[in-house]
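# Observations on chain architecture
Here is what each chain is made of, one letter per residue.
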Amino acid sequence: MTLADSTARFEALFERVTPLIGVETPLDQVGFALKFAVRQLRPPAVGVQHITCSDETERECVETLQRCLVHDVSPRLKFGNHSALRTANLAGRYEWGSLPVAENHYAITQPSGAYKLLVVKINAHVGVTRGNGGRTYGRLDRYGRESIVCSGLHAFLAGSQVPFADELREVFQAEGCDRLALLDRVDPRHRSVALALISARLQARSAVLEAQDHRPETPTIYWIVAGVTLNKPDRDSEIVVGSYVVDRRGEATTDLYRGLGDDPSHYEFSEAHHRLEIRDDQLPTVREARDHRRIVDQEWKRRGELRLSRDTRVQKVLRNAREHSNDAGARKAIIATVIPLLADLSPVSAALLFFGQGIGGIYHAYRAHRLCRDVERSDDARQMLEDLEERLGTLPPEETKKILEVLLAAYG
Ligand SMILES: [Zn+2]
Ligand SMILES: [Zn+2]
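Residues numbered from 1 in each chain as written. Chains lettered and ligands numbered in written order. Predicted model: local features only at pLDDT ≥ 70, side-chain atom pairs only at ≥ 80, totals over all residues. Heavy atoms only, no water.

### Digging into the coordination of the zinc ion (ligand 2)
For the zinc ion (ligand 2), the protein coordination sphere consists of Cys-53 (SG), His-125 (NE2) and Cys-150 (SG), at 2.0 to 2.3 Å. If you list the donors of the zinc ion (ligand 2) from N- to C-terminus, the spacing comes out as C-x71-H-x24-C. Placement of Cys-53 in strand S2 (residues 45–53) and of His-125 in strand S4 (residues 116–131) is noted, with a sequence separation of 72 residues between them. Take Cys-53: its relative accessible area is 4%, and that puts it in the buried class. A relative accessible area of 1% means that His-125 is categorised as buried. (Donors = N, O, S within 2.8 Å, 3.2 Å for Na, K, Ca; no water. Helix = DSSP H or I, 4+ residues; strand = E, 2+ residues; numbered from the N terminus. Buried < 20%, exposed > 50% of the residue type's maximum accessible area, 1.4 Å probe, protein only.)

Given below as structure tokens:
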């Protein structure tokens, strides 16, 4: 299928939201736009996941989405109760593992074979105050004094070393791009807005990575929408950053993105009638979302130095493996013996080989990219291998089969 064909297929979703990208819009209008888009697509079932900052200012955003979208499209949890699966943490970070949980909860489609739409809304936020000189972004009058909003994002920007800031740092530096340096190029007046836009965009990307990697319980279309709430003294508004469609209804998969790019230095800000607008050169086009496992796999194949070292101990263990490849218990024992050897001999090659072949947690994606750029980071690689080893006990038989096949192929 061509890009135009697959885009046309999801026109119902893109059509409603595209006019809102980069344009400040009242919160309820964004919620209604999502609802009309869902109604136009007419999916047999719908679920909603909402990720926001835990800041009290974001309650308005949560309640507006509840009223405008969740209440009307999601299934009844109990009498009068239609609810989204929600994450609220500092700065509105995507929590690894949450999308598969939401997918599982809403996997209710009847008859079997019918699909569901999972709307994943991700909001970052920024405060707005209005003074004589016009608007100021990044602050809000709260409880009678000026307060930074989003405090989580700003603490990260100021170099906080608390775990949540470390998590943000990993995402902001994904694929070797120093987005903090790019933010420095943004006009200081709009830097807080750019920070929030980029954050929402990057958290959405993490959710997409997981949607691409997760094997859904029932056929699923994920619609992942990123936005920034503008917390104001009066009613809040929102700037939609963009949306991803990840189609996992069958073997033929489609992953599309339409919205602002991830380089804040390309954003152009304008303001008219108390309405903020952001444009960049990425906006007009729909493009295919990348497959990060494949990128790592290609990099591994391209680079000659990323080979597993030959070792008689590994070869000896694997020699017996072929006979036992149908015994799940024996497979686990073999893998449990080989992984520590690989962690010792060629950790980087092994970690990247596994990741590229779809083995191990997708939450290692940023670490894997970092390893491709800097093969000296063997601690990162060892951590990935250790994690795989720890999870070995809980892996389904088809996973251990795959690991063994990859090892046998690598050791010919
Ligand atoms: Zn729970
Ligand atoms: Zn916040």
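What follows continues from the structure just given.
### Some thoughts on the domain arrangement of the protein
Looking at the protein, the domain boundaries give domain 1 (3–290) and domain 2 (294–410). Relative placement of domain 1 and domain 2: their C-alpha centres are 34 Å apart. On the side of domain 2, ten residues touch domain 1, which itself brings 15 residues to the contact. Among the residues domain 1 hides against domain 2, the three largest losses belong to Trp-96, Glu-170 and Glu-175. Together they make up 45% of the total. Scanning the region where domain 1 abuts domain 2 turns up one salt bridge. Inspection of the domain 1/domain 2 interface yields two residue pairs in polar contact (both at pLDDT 80 or more). Within the residue set of the side of domain 1 that touches domain 2, elements represented by two or more residues are helix H7 (163–172) and helix H9 (191–213). Counting residues per element, the side of domain 1 that touches domain 2 draws most heavily on H9, at six residues. Partitioning the side of domain 1 that touches domain 2 into residue classes produces five nonpolar, three polar and seven charged. (Domains from an automatic or database assignment. Contact = heavy atoms within 4.5 Å. Buried area = accessible area lost by both parts, 1.4 Å probe. Salt bridge = Lys/Arg side-chain N within 4 Å of Asp/Glu carboxyl O. Polar contact = N/O pair within 3.5 Å; in protein donor to acceptor, adjacent residues only side chain to side chain. Nonpolar A, V, L, I, M, F, W, Y, C, P; charged D, E, K, R; others polar.)

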